[in-house]
Amino acid sequence: TTGPRIGLRFYGGYGLDATALEASSFPYESSGAVPMGGELDQKEGGAPVFLVHAMADPKSGTLDRIQIVKGWVDAAGEANEKVFDVAWASTGRMQADGSLAPVPNTVNLETGTWSNEAGAPTLTAEWRDPEFDPSMMAFYYVRVLEVPTPRHSLLDKLALGGEVDTRRPDTIQERAYSSPIW
């Protein structure tokens, strides 16, 4: 993480669904789930399923979104990366062009306080790569973003009377990253 203790679980496999995350025996039963950091063998019949569960740090911001980042090398030897928004807090943020509108920034720059109302304490996702190509080697990892919170430099500036030039943005969206599934 970039600071907060965001809880994150990430698995890949075939024949999985989001209800598996709630099972007390998951992933230890014979589900075939591979945890983050593992390698997933290609099977006949389509794209693997990825399951993600993220929990906000109770002493920090709530969660804005879960993203899955796919990386691969194309036929020309060029490295590629694509980010997919797979779960998010607050309804009505998906735009007509398929992009996700930013979560509202509620940080009060005069007091250093913020609201967690636009975020979620937990987010889960069940996702399949819509561009999956079984002939291409790829990796997938998760990035979880919090709602905007005050950067420590803003809090320092407020504590010192507001005359400090921090040369940094006053707010930040803290993050958690998983290890990849190859």
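Remember, it's a predicted structure, so these values are computed and weren't measured experimentally.

Colleague: So what's going on with the sheet that holds strand β1 (residues 7-13)? Residues and values would help.
Modeller: Read across the open sheet, the four strands follow the order β2-β1-β3-β6; overall the sheet is antiparallel. Only two strands of the sheet have a single partner each, and these edge strands are β2 (34-35) and β6 (122-128). Bridge analysis of strand β3 (residues 49-55) against β6 gives seven bridges, and the strand direction is antiparallel. Paired with V52 across the bridge in β6 is A125.

Colleague: How would you sum up the sheet that holds strand β10 (residues 175-177)? Please name residues and give values.
Modeller: On the basis of which strands lie adjacent, the open sheet formed by four strands has the order β5-β4-β7-β10 and antiparallel pairing. Of all the strands in the sheet, the pair left with one neighbour each is β5 (79-88) and β10. Looking at each pair of strands side by side, their axes are set apart by 20° on average, direction ignored. Pairing analysis gives nine bridges linking strand β4 (residues 63-73) to β5, with the strands arranged antiparallel. The partner of V69 across the bridge, within β5, is V83.

Colleague: Can you tell me about the pattern of salt bridges, naming the residues and giving the values?
Modeller: Here the structure, examined in full by the defined rule, presents seven salt bridges. With its nearest N and O atoms 2.4 Å apart, the salt bridge here joins K82 to E131. Of the two residues, K82 sits in strand β5 while E131 sits in the loop between β6 and β7 (138-146), which places them 49 residues apart along the sequence. Given a relative accessible area of 37%, E131 falls into the partly exposed group.

Colleague: Describe helix α1 (residues 152-159), listing the residues and the values that go with them.
Modeller: Among the residues making up α1, those that are buried are S153, L154 and K157. Projected onto a plane normal to the axis of α1, the buried residues spread over an arc of 105° and lie on a single side. Exposed residues lying more than 90 degrees from the buried face of α1 are H152 and A159. One or two residues past the end of α1 sits G161, with phi positive at roughly 95°.

Colleague: Describe the packing of aromatic side chains, and please don't skip the residues or the numbers.
Modeller: Tallied over the entire structure, the rule returns seven aromatic pairs. Aromatic side chains W127 and Y140 sit 6.1 Å apart centroid to centroid with 65° between the ring planes, which places their arrangement in the edge-to-face category. With a gap of 13 residues between them, W127 in strand β6 and Y140 in strand β7 connect regions that are remote in the sequence. With a relative accessible area of 10%, W127 lands in the buried category. The class of Y140 is buried, set by a relative accessible area of 4%. Ring centres of F139 and W182 lie 5.4 Å apart, and the angle between their planes is 50°; this geometry places the pair in the tilted category. Here F139 is found in strand β7, whereas its partner W182 is found in the segment after β10, with 43 residues between them in sequence. Accessibility expressed as a relative area gives 23% for F139, which makes it partly exposed. What links up through ring pairs into an aromatic cluster is the set F10, F50, F84, W127 and Y140. Against the face of W72 rests K70, its NZ or CZ located 5.1 Å from the ring centre.

Cut-off values and rules
Residues numbered from 1 in each chain as written. Predicted model: local features only at pLDDT ≥ 70, side-chain atom pairs only at ≥ 80, totals over all residues. Heavy atoms only, no water. Pairing = 2+ DSSP bridges. Helix = DSSP H or I, 4+ residues; strand = E, 2+ residues; numbered from the N terminus. Axes fitted to C-alpha atoms, helices over the stretch in contact; angles between N-to-C directions. Salt bridge = Lys/Arg side-chain N within 4 Å of Asp/Glu carboxyl O. Buried < 20%, exposed > 50% of the residue type's maximum accessible area, 1.4 Å probe, protein only. Arc of directions from axis to C-beta. Phe/Tyr/Trp six-rings, centres within 6.5 Å; stacked < 30°, edge-to-face > 60°. Lys NZ or Arg CZ within 6 Å of the ring centre and 35° of its normal.

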